Amino acid sequence: MTAHLWTWLVAGMALTATLTGLYLSHRQKSAVLARRDIVPERFSDHVSPEAHRKAADYTCAKLTHDNISALFSLTLL
């Protein structure tokens with residue numbers, strides 16, 4: 001294989017991995033937001049609704065940051 005073909009192969013794999021990660025991140029963020037106001041019954045004695053919402057907000061912010069970081073890394077690659 002030529003170097004040119006390897007370049008496109010690696011770029012395609014990097015793009016596929018990034019897009020897959022972004023898709024999974026989007027699904028996780030949707031699930032977190034859908035349950036943001038509902039503390040699971042198992043934890044309702046130990047976790048307040050405010051703490052649960054704060055954790056959901058933190059998770060969404062971290063996912064957004066990770067997505068931006070992944071896109072930046074792909075751009076640099």
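Residues numbered from 1 in each chain as written. Predicted model: local features only at pLDDT ≥ 70, side-chain atom pairs only at ≥ 80, totals over all residues. Heavy atoms only, no water.

1. Here's the deal with the overall build of the chain
Part 1 of the argument: Secondary structure assignment for the chain yields 2 helices and 0 strands.
Part 2 of the argument: Its C-alpha radius of gyration of 18 Å places the chain more than 25% over the 11 Å reference for a compact globule of 77 residues.
Part 3 of the argument: Its C-alpha atoms give the chain principal-axis dimensions of about 60 × 20 × 15 Å.
Part 4 of the argument: A buried classification covers 12% of the 77 residues belonging to the chain.
Part 5 of the argument: Across the chain, every contact between residues at least 6 apart in sequence was considered, and the portion connecting residues at least 24 apart equals 61%. (Helix = DSSP H or I, 4+ residues; strand = E, 2+ residues; numbered from the N terminus. Rg over C-alpha atoms; globule rule 2.2 N^0.38 Å. Buried < 20%, exposed > 50% of the residue type's maximum accessible area, 1.4 Å probe, protein only. Contact = heavy atoms within 4.5 Å.)

2. Quick word on the side chain of Ser-25
Part 1 of the argument: Along the chain, the position of Ser-25 falls in helix 1 (residues 3-34).
Part 2 of the argument: Polar contacts involving the side chain of Ser-25 include one to the side chain of Asn-67, which spans 3.1 Å.
Part 3 of the argument: Leave out the neighbours within four places in its chain, and Ser-25 touches Leu-63 and Asn-67. (Polar contact = N/O pair within 3.5 Å; in protein donor to acceptor, adjacent residues only side chain to side chain.)

3. Some words on helix 2 (residues 49-76)
Part 1 of the argument: With 28 residues, helix 2 extends 41 Å from end C-alpha to end C-alpha; this agrees with the ideal 40 Å at 1.5 Å per step.
Part 2 of the argument: Restricting attention to buried positions, one finds in helix 2 the residues His-52, Ala-56, Cys-60 and Leu-63.
Part 3 of the argument: Packed against the buried residues of helix 2 are helix 1. (Expected span 1.5 Å × (residues − 1).)

4. What to know about helix 1
Part 1 of the argument: Between its first and last C-alpha, helix 1 extends 47 Å over 32 residues, near the 46 Å set by a 1.5 Å rise per residue.
Part 2 of the argument: The set of residues buried in helix 1 consists of Ala-14, Thr-18, Ser-25 and Val-32.
Part 3 of the argument: Those residues of helix 1 that are buried lie in contact with helix 2.

5. Structural notes on the packing of helix 1 against helix 2
Part 1 of the argument: Their axes nearest at 10 Å, the elements helix 1 and helix 2 cross at an angle of 165°. Considering the angle they form, helix 1 stands roughly antiparallel to helix 2. When the axes of helix 1 and helix 2 are compared, the crossing they make is left-handed. Residues Ala-14, Leu-15, Thr-18, Leu-22, Ser-25, Gln-28, Lys-29, Val-32 and Leu-33 of helix 1 lie in contact with helix 2, whose contacting residues are Ala-56, Thr-59, Cys-60, Leu-63, Thr-64, Asn-67, Ala-70, Leu-71 and Leu-74.
Part 2 of the argument: Residues of the contact of helix 1 with helix 2, tallied by class, amount to 11 nonpolar, 6 polar and 1 charged. (Axes fitted to C-alpha atoms, helices over the stretch in contact; angles between N-to-C directions. Parallel < 35°, antiparallel > 145°, perpendicular 65-115°, else oblique. Left-handed = near helix turned anticlockwise from the far one by under 90°. Nonpolar A, V, L, I, M, F, W, Y, C, P; charged D, E, K, R; others polar.)

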